[in-house]
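Take a look at the letters that make up each chain.
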Amino acid sequence: MKRELLFGLFIAGLTAIAAGCARSPSAPTASGGDARVWNIGFSQCTLSEPWRVQMNADVKAAAERHRDRINVIFQDAQDDTPTQQAQIKQFVEQGVDLIIISPKESRPFVQPINDAVKKGVPVIVLDRDVPGANYTCFIGGDNKQIGLEAGKFIKQILNGKGNVVELAGLMTSTPAQDRHSGFVEGISGSAIKVIFNADCQWKEPKAQAEMRSALSRFENIDAVYGHNDPSAHGAYLAAKQEGKGRENTIKFVGIDGLPAEGQKYVRDGLLTATFVYPTCGPESIDTALKILDGEKVDKRIILPTRTITKETLK
Ligand code: FRU
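Bear in mind the structure is a predicted one, so any value in this text is a computation, not a measurement.

Thoughts on the site of the ligand
Part 1: Close contacts around the ligand come from Glu49, Trp51, Arg52, Asp127, Arg128, Pro175, Arg179, Trp202, Asn228, Asp256 and Tyr277, and that covers them all.
Part 2: Contact distances for the ligand include 2.7 Å between an oxygen atom and a side-chain N or O atom of aspartate 127.
Part 3: Coverage of the ligand by the protein amounts to 100% of the 310 Å² it exposes when considered alone.
Part 4: According to the grid-proximity analysis, the pocket containing the ligand is the largest cavity.
Part 5: Taken together, the elements giving at least two residues each to the shell around the ligand come down to α2 (50-64) and α6 (174-187).
Part 6: Grouping the amino acids of the shell around the ligand by side-chain chemistry returns 4 nonpolar, 1 polar and 6 charged.
Part 7: Mapping the shell around the ligand onto the domain boundaries places at least three of its residues in each of domain 1 (26-141 + 279-303) and domain 2 (143-276).

Structural data, given as structure tokens:
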């Protein structure tokens, strides 16, 4: 038993050494003349929302531009935290040179990320932050700022007074926490009341169901603040299905601002506004290449937003 354990440890040690050599940033690269393709493991928490499909497409397009230097292995965790934890572990075992992860939530990923970094694998975290993890770099939008701007926008269109329904994203993920606290700050000092708040986990059908119950409880709803465009759209559909015409009086505001989703909803008059949430795709590949080349990168790279209304779309 003891001998087997020692043998196991020996093999594990050899594997670790081999993997360590393979991802040494000083290994020869294509630019150095001696071709060396880096393997990057990319774990996406889900592909069930259009914004994530776009993120993958952006990562893929950026990686294509450097296909002589990098190979990206794409994994979809299908909205399941244990699956995504296992993917990180597996990437390390496979000996990838770098990991990019857009995690479903924060806490459960502190340990897997720390384990990867401890084994010498650089980790880039995208969009949903993992406070307390020792990752190499975080790239994302400023969700507090977006929430603040959404709050100020609603304050302005409601002339500082009215009832708001907040359809939140998954509250165990940082964008939802920040989009909420930013919003509260944005409406502060006004007579705007959040009369209904629900965790819709970023999902359109959940938001639609929650909005149905908000509509049945409240006569006067002036605006809906959806933490993403699928939620704002789900709320719009619920109001339309109610059959009282409230989809025309309530102002719906979302976040993400994809051309084929949120921007289209604004153009078609379903949403009053949406806020662009950058996918971080190109930046993630640029940063990965710098890390693999041994360059120092900023620990946090924060990308800007843009307000989309009918006026800005003109
Ligand atoms: C997609 C998504 C986006 C949202 C982001 C927050 O899964 O829900 O709609 O902006 O994640 O992390």
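A short note on the sheet that holds strand β9 (residues 251-256)
In a beta sheet, neighbouring strands pair by backbone hydrogen bonds and run either parallel or antiparallel.
Part 1: In space, the 6 strands of this open sheet follow the order β7-β6-β8-β9-β10-β12, with mixed pairing throughout. Either end of the sheet is taken by a strand with one partner, and the two such strands are β7 (191-199) and β12 (307-308).
Part 2: Lying on the sheet, helix α5 (residues 143-157) is in contact with β6 (161-168), β7, β8 (223-226), β9, β10 (273-276) and β12; it crosses β10 at an angle near 160 degrees.
Part 3: Sitting on the sheet, helix α8 (residues 229-242) is in contact with β6, β8, β9 and β10, with an inclination near 155 degrees to β9.

Examining empty space enclosed by the protein
One simple way to see leftover space: roll a probe sized like a water molecule over the atoms.
Part 1: Taken as a whole and judged by the stated rule, the model has 1 cavity of 30 Å³ or more.
Part 2: For the largest cavity, the full set of lining residues is Glu49, Trp51, Arg52, Asp127, Arg128, Pro175, Arg179, Trp202, Asn228, Asp256 and Tyr277.
Part 3: Mapped onto the lining of the largest cavity, the elements with two or more residues apiece are α2 and α6.
Part 4: The residue inventory of the lining of the largest cavity, partitioned by class, reads 4 nonpolar, 1 polar and 6 charged.
Part 5: When residues of the lining of the largest cavity are assigned to domains, at least three fall in each of domain 1 (26-141 + 279-303) and domain 2 (143-276).

Quick look at the layout of surface pockets
Part 1: Computed from the structure, the second largest pocket encloses a volume of approximately 170 Å³.
Part 2: Class assignment of the residues belonging to the lining of the second largest pocket gives a composition of 6 nonpolar, 4 polar and 3 charged.

Notes on the side chain of glutamate 247
Part 1: Tracing the sequence through the fold places glutamate 247 in the loop between α8 and β9.
Part 2: It turns out glutamate 247 is buried and unbridged, and the closest side chain with the opposite charge, lysine 240, is 5.8 Å from it.
Part 3: Apart from the residues within four sequence positions on either side, glutamate 247 is in contact with Tyr236, Ala239, Lys240 and Phe252.

What counts as what
Residues numbered from 1 in each chain as written. Predicted model: local features only at pLDDT ≥ 70, side-chain atom pairs only at ≥ 80, totals over all residues. Heavy atoms only, no water. Near = heavy atom within 4 Å. Polar contact = N/O pair within 3.5 Å; in protein donor to acceptor, adjacent residues only side chain to side chain. Areas by Shrake-Rupley, 256 points an atom, 1.4 Å probe, with all protein chains shown as cover. 1 Å grid on protein atoms, 1.4 Å probe; cavity = no way out; pocket = protein on both sides within 12 Å on 5 of 7 lines; lining within 4 Å. Sits in = over half its atoms within 2 Å of the grid points. Helix = DSSP H or I, 4+ residues; strand = E, 2+ residues; numbered from the N terminus. Nonpolar A, V, L, I, M, F, W, Y, C, P; charged D, E, K, R; others polar. Domains from an automatic or database assignment. Pairing = 2+ DSSP bridges. Contact = heavy atoms within 4.5 Å. Axes fitted to C-alpha atoms, helices over the stretch in contact; angles between N-to-C directions. Points joined across faces, edges and corners; volume = space filled by probe spheres on them. Buried < 20%, exposed > 50% of the residue type's maximum accessible area, 1.4 Å probe, protein only. Lys, Arg positive; Asp, Glu negative; His and termini not counted. Salt bridge = Lys/Arg side-chain N within 4 Å of Asp/Glu carboxyl O.

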